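The chain contents come next:
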Amino acid sequence: MTDAETETFEGYLILDWRSGEQRQRKTEPDDLALYQLAIPYSIDVDVPEVTVPTIEAAIEVPEAEVEQSIV
């Protein structure tokens with residue numbers, strides 16, 4: 001993939017085999033229940049370069065409106 005930057009996402013997938021719940025966290029948990037598993041993961045993602053367009057415009061406000069907003 002050209003013009004892409006690789007970004008790595010790391011963390012822990014917490015699986016609760018009793019209820020079927022899944023969650024994710026960045027740091028290693030130290031308070032898991034007996035029915036929970038912490039699975040470490042590391043995912044490399046190719047993030048493409050994105051061009052963000054800019055909009056340019058000239059805004060003219062009549063002097064009378066400026067004076068009225070100040071008063």
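Residues numbered from 1 in each chain as written. Predicted model: local features only at pLDDT ≥ 70, side-chain atom pairs only at ≥ 80, totals over all residues. Heavy atoms only, no water.

**Describing a nonpolar patch on the surface**
How we decide: A patch consists of residues exposed above 30% relative accessible area that lack any salt bridge, with like charges linked at up to 9 Å and nonpolar side chains (Val, Leu, Ile, Met, Phe, Trp, Tyr) linked at up to 5 Å. Working definition of accessibility: Shrake-Rupley area with a 1.4 Å probe, residue cover restricted to the visible protein chains. The salt bridge definition used is simple: a Lys or Arg side-chain nitrogen within 4 Å of an Asp or Glu carboxyl oxygen. Under the DSSP-based scheme used, a helix requires at least four consecutive residues in state H or I and a strand at least two consecutive residues in state E, with every element numbered from the N terminus.
On the surface, Phe 9, Ile 43, Val 45 and Val 47 cluster together into a nonpolar patch covering about 290 Å² of accessible area. Per element, the largest residue contribution to the nonpolar patch is three residues, and it comes from strand β3 (residues 36-48). Position of Phe 9 among the secondary structure elements: in strand β1 (residues 4-16).

**A word on the side chain of Gln 36**
Cut-off, in case you're wondering: Each polar contact in these results corresponds to two N or O atoms within 3.5 Å; when the atoms are within protein, one needs to be able to donate a hydrogen and the other to accept it, and residues that are neighboring in sequence are counted only if both atoms are side-chain atoms. Contacts are assigned to residue pairs with any non-hydrogen atoms lying within 4.5 Å of each other.
Residue placement: Gln 36 occurs in strand β3. At a separation of 3.0 Å, a polar atom in the side chain of Gln 36 contacts the main-chain amide nitrogen of Ala 33. Beyond its immediate chain neighbours, meaning those up to four positions away, Gln 36 contacts Ile 14, Leu 15, Asp 16, Trp 17 and Arg 23.

**Quick notes on the confidence of the model for the chain**
Any segment with low pLDDT has predicted coordinates that should not be analysed in fine detail. Using the following cut-off: On a range of 0 to 100, pLDDT expresses the predictor's confidence in each residue.
Per-residue pLDDT for the chain has a mean of 89; in total, 94% of the residues score no lower than 70. Within the chain, helix α1 (residues 63-70) has the poorest average pLDDT of any element, 78, and strand β2 (residues 22-25) the best, 96.

**Things to note about the packing of aromatic side chains**
Keep this limit in mind: Aromatic pairs are defined between Phe, Tyr and Trp rings, using the six-membered ring for Trp, whenever the two ring centres lie within 6.5 Å; interplanar angles under 30 degrees are classed as stacked, those over 60 as edge-to-face, and all others as tilted. Placement of a positive charge over a ring is assigned whenever Lys NZ or Arg CZ falls within 6 Å of the ring centre and within 35 degrees of the normal to the ring plane.
Under the counting rule described, the total for this entry stands at zero aromatic pairs. Of note, Arg 18 hangs over the ring of Tyr 35, and the distance from its end group to the ring centre comes to 3.7 Å.

**What about the sheet that holds β2?**
Note the threshold: Should DSSP find at least two bridges between two strands, the strands are regarded as paired. The convention used is that axes are lines fitted to C-alpha atoms, helices contributing only their stretch in contact, and that angles between N-to-C directions extend from 0 to 180 degrees.
Spatially, the three strands line up as an open sheet ordered β2-β1-β3, and their pairing is antiparallel. Whereas interior strands pair on both sides, the edge strands pair on one side only; in this sheet they are β2 and β3. When strand polarity is set aside, the average angle formed by the axes of neighbouring strands in this sheet is 35 degrees.

**Examining the pairing of β2**
Moving residue by residue along a regular strand, the side chains alternate between the two faces of the sheet. With four bridges joining them, β1 and β2 adopt antiparallel strand pairing. When the bridges of β2 are listed, Leu 15 appears paired with Gln 22. The turn linking β1 back onto β2 is made up of five residues, and Gly 20 within it adopts a positive phi angle of 85 degrees.

**With respect to the environment of Asp 16**
Within the secondary structure, Asp 16 is located in strand β1. Separated by eleven residues in sequence, Asp 16 and Thr 27 have C-alpha atoms that sit 17 Å apart. Contacts of Asp 16, omitting those with residues within four sequence positions, involve Glu 21, Tyr 35 and Gln 36.

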